[in-house]
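Now for the letters of each chain:
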Amino acid sequence: MRFDLKSFDFVECERAPDALAVAAADRNLSWAQLRAEALAWADAARAHGAAPDVPVAIYGHKQASFFVAMVGALLVGAPFVPVDTIYPPERLRCIVEIVRPAAVFDAAAGRFEPGHGAPLAERGLAYVMFTSGSTGDPKGVQIGRESVGLLGDWMLGSFGLGDAPVFMNQAPFSFDLSMYEVFATLASGGACVLNARELIATPVAWIARLAEQGITVWVSTPSFAHQQLANRDFSPATLPTLRTFLFCGEPLPAALAKKLRQRFPDAAILNTYGPTEATVATTWIQITDAVLARHDPLPVGHAKPDCELLVTDGEICIVGDHVMRGYLNRADLNEQKLFVHADGRRGFRTGDLGQMEEGGLLFCRGRMDDQIKLNGYRIELAEIDEALHGLPGAEGGACAVLRRPDGTAVRLIGFVTGAAVAGEQPAFLDAQALSNWKDLLAQRLPPYMVPSELVACPALPMSNNHKIDRKKLIDIYAGIPA
Ligand code: AMP
């Protein structure tokens, strides 16, 4: 059995209905069970006001019911809004206010919390994915049903994943990287192995589970794979069925690709690139030994089928039907970031600096703005600035990023001003104040956006164009006496 991403229904239902579809933290589902549960979920969601174009939010972490709910929403035609529990309840509340869904489905409790339920202006959406926003609130990326159909076609047609692939899913469903596994599992009739944070924290048991499920495709950010290299069980001896590493979301360091080639000589390594705004990814390349011999930094590859890539004034722009329909209720941003290409298709200005070689091989050369990736997580620094500014007693707030010599972001440092907090000289907050303020920030921000250190300073340095001078913040940080 599989789930067709054109008709958005289960097809070939007589074929291997007992095959594994989802292995979750709490239970496993065969394809027949997935179908039965998704149909029942769809009925329950309709009873709570879900309908075509009326969205439903899903809150949870790696439960089988989370997966069921996404499929059920596709059956109804209700755009789903996946929110992982890595986001604090305050952020869920903010998302609900923006989306006004028919209901919030709590995947852990298996319960619908009633909502508002008006249809969205955009019709025929598959999902709305929230990413960090520079105004202080997350922004909702609206992805059409046609776009996920194209994603499925591309993955099955180009990635060489084999019949009935078994995916290692680790990224939370609120990050669009995870939509790779969701839609490729559905389109192929394969299986998705969901791995909860608590399980990953016990590496021996976790890798044993991946081996038992026979994973064939590893999907993660490069950072996450890098963390696994220290584990000896992360090897072909323990994971003999693993054939493909599928990376996206941040630069793939050549050194990491080389180490993986050594440790898993028979596995293919795919580097893919693209923003959430263009349905997971837009370019791909297999990182072979020949590519490694020629390039460092590595290229992000060629455009996927039916997509045109432009590098305009140094900025990568993406054209195709997989480009989002726009940010929800953000006409201002849509005006800046979206355009209509000469062929009439949607175009998106990524904010990534790029360079294209003859033959269309693309290189990504960093960002034009204050968006960063920290351990694979996408962060707008201005969103953290806002949260720091909102701390009690703070009159201003800003953050800066500590980086390795190769440019990789490793840590966030927060800075606050205000008579109540700052003395004459910049100083670290004492342990008690640091802990109190981190708790307050964690009510609003996910843990990966909470700065690891906070500095009180008399004033924030500004650049000539009246923006926070983040380089000078790092100088201030470096100059604080120990
Ligand atoms: P996200 O929307 O979380 O997928 O983040 C998208 C951004 O991550 C892109 O605009 C790039 O800045 C960066 N990115 C994604 N994939 C890659 C890659 N393979 N190489 C370099 N940067 C990447």
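Coordinates for the structure precede this section.
Residues numbered from 1 in each chain as written. Predicted model: local features only at pLDDT ≥ 70, side-chain atom pairs only at ≥ 80, totals over all residues. Heavy atoms only, no water.

1. A few points about the overall build of the protein
Of the regular secondary structure elements, the protein holds 14 helices and 29 strands. Relative to the globule expectation of 23 Å for 482 residues, the C-alpha radius of gyration of the protein, 22 Å, shows essentially globular dimensions. Reported as C-alpha extents along the three principal axes, the dimensions of the protein are approximately 75 × 55 × 55 Å. Residue burial in the protein is summarised as follows: out of 482 residues, 58% are buried. A separation of at least 24 residues holds for 66% of the contacts in the protein among residues at least 6 apart in sequence. Put simply, the protein shows about 19,400 Å² of open surface, and 52% of that area lies on carbon and sulfur atoms. (Helix = DSSP H or I, 4+ residues; strand = E, 2+ residues; numbered from the N terminus. Rg over C-alpha atoms; globule rule 2.2 N^0.38 Å. Buried < 20%, exposed > 50% of the residue type's maximum accessible area, 1.4 Å probe, protein only. Contact = heavy atoms within 4.5 Å. Areas by Shrake-Rupley, 256 points an atom, 1.4 Å probe, with all protein chains shown as cover.)

2. With respect to the site of the ligand
Inspection of the region around the ligand gives 15 residues, with T272, T276, D352, K373 and R378 positioned closest. Note that a nitrogen atom of the ligand is positioned 3.1 Å from one of the backbone N or O atoms of G249. Contact distances for the ligand include 3.5 Å between an oxygen atom and a backbone N or O atom of G274. A total of 500 Å² of accessible area belongs to the ligand in isolation, and the protein chains cover 93% of it. No other element matches strand β15 (residues 268-273), which puts 3 residues into the shell around the ligand. (Near = heavy atom within 4 Å. Polar contact = N/O pair within 3.5 Å; in protein donor to acceptor, adjacent residues only side chain to side chain.)

3. A few points about the pairing of strand β11 (residues 166-169)
Residues V166 and M168 line one face of β11 and the alternating positions F167 and N169 line the opposite face, and both faces are buried. Both β11 and strand β12 (residues 191-194) contribute to a ladder of 4 bridges, which runs parallel. When the sheet's bridge partners are listed, M168 is paired in β12 with V193. (Pairing = 2+ DSSP bridges.)

4. Some words on the packing of aromatic side chains
Scanning the entire structure with this criterion turns up 27 aromatic pairs. On the basis of an interplanar angle of 40° and a centroid distance of 6.3 Å, the ring pair of F159 and W284 is categorised as tilted. Of the two residues, F159 sits in the loop between α4 (145-158) and β11 while W284 sits in strand β16 (residues 283-286), which places them 125 residues apart along the sequence. F159 sits in the buried class, given a relative accessible area of 5%. Note on W284: relative accessible area 22%, which makes it partly exposed. Taken together through their ring pairs, the aromatic side chains of W206, W218, F224, F234, F245, F247 and F264 make up a single cluster. Between the NZ or CZ atom of K62 and the centre of the ring of F173, over which it lies, the distance is 4.0 Å. Above the ring of F8, the side-chain terminus of R145 is found at 3.9 Å from the ring centroid. (Phe/Tyr/Trp six-rings, centres within 6.5 Å; stacked < 30°, edge-to-face > 60°. Lys NZ or Arg CZ within 6 Å of the ring centre and 35° of its normal.)

5. A short note on the nonpolar core
Here is a general trend for soluble globular proteins: nonpolar side chains tend to be buried in one another's company. With 80 residues, the main nonpolar core has F67, Y180 and F183 as its most contacted residues. Among the elements that line this core, the one with the most residues is helix α2 (residues 64-76), at 11 residues. The residues touching F183, leaving out its near neighbours within four places in the chain, are L5, L74, F80, Y127, V148 and L151. (Core = buried A, V, L, I, M, F, W, Y, C linked by side-chain atoms within 4.5 Å.)

6. Description of the sheet that holds strand β4 (residues 28-30)
With mixed pairing, the 9 strands of this open sheet are ordered in space as β4-β3-β12-β11-β13-β14-β15-β16-β17. Two strands bound the open sheet, and with one partner strand each, they are β4 and β17 (302-303). Judged from the 4 bridges that link them, strand β13 (residues 217-220) and strand β14 (residues 244-247) form a sheet pairing that is parallel. If you follow V219 over to β14, its bridge partner there is L246.

7. Examining the pairing of strand β23 (residues 362-367)
Bridging between strand β22 (residues 346-356) and β23 involves 4 bridges; their strand directions are antiparallel. In the sheet register, D352 faces β23, and the bridge partner there is R367. Between β22 and the antiparallel strand that follows it, β23, lie 5 residues; G359 among them carries a positive phi value of about 90°.

8. Topic: helix α3 (residues 89-99)
The complete set of buried residues in α3 reads R91, L92, C94, I95, V96 and V99. Contact partners of the buried residues in α3: β5 (56-60), β6 (80-84), β7 (103-106), β9 (125-131), α12 (381-389) and α13 (431-444). One or two positions beyond α3, positive phi appears at R100, with a value near 50°.

9. Quick word on the packing of helix α1 (residues 31-47) against α2
As a packed pair, α1 and α2 sit with axes 8 Å apart at the nearest point and diverge in direction by 65°. Crossing handedness for the pair α1 and α2: right-handed. Here L34, E37, A38, L39, W41, A42 and R46 of α1 come into contact with α2, specifically with F67, V68, A69, V71, G72, A73, L75 and V76. Here the contact of α1 with α2 is composed, by residue class, of 12 nonpolar, 1 polar and 2 charged. (Axes fitted to C-alpha atoms, helices over the stretch in contact; angles between N-to-C directions. Left-handed = near helix turned anticlockwise from the far one by under 90°. Nonpolar A, V, L, I, M, F, W, Y, C, P; charged D, E, K, R; others polar.)

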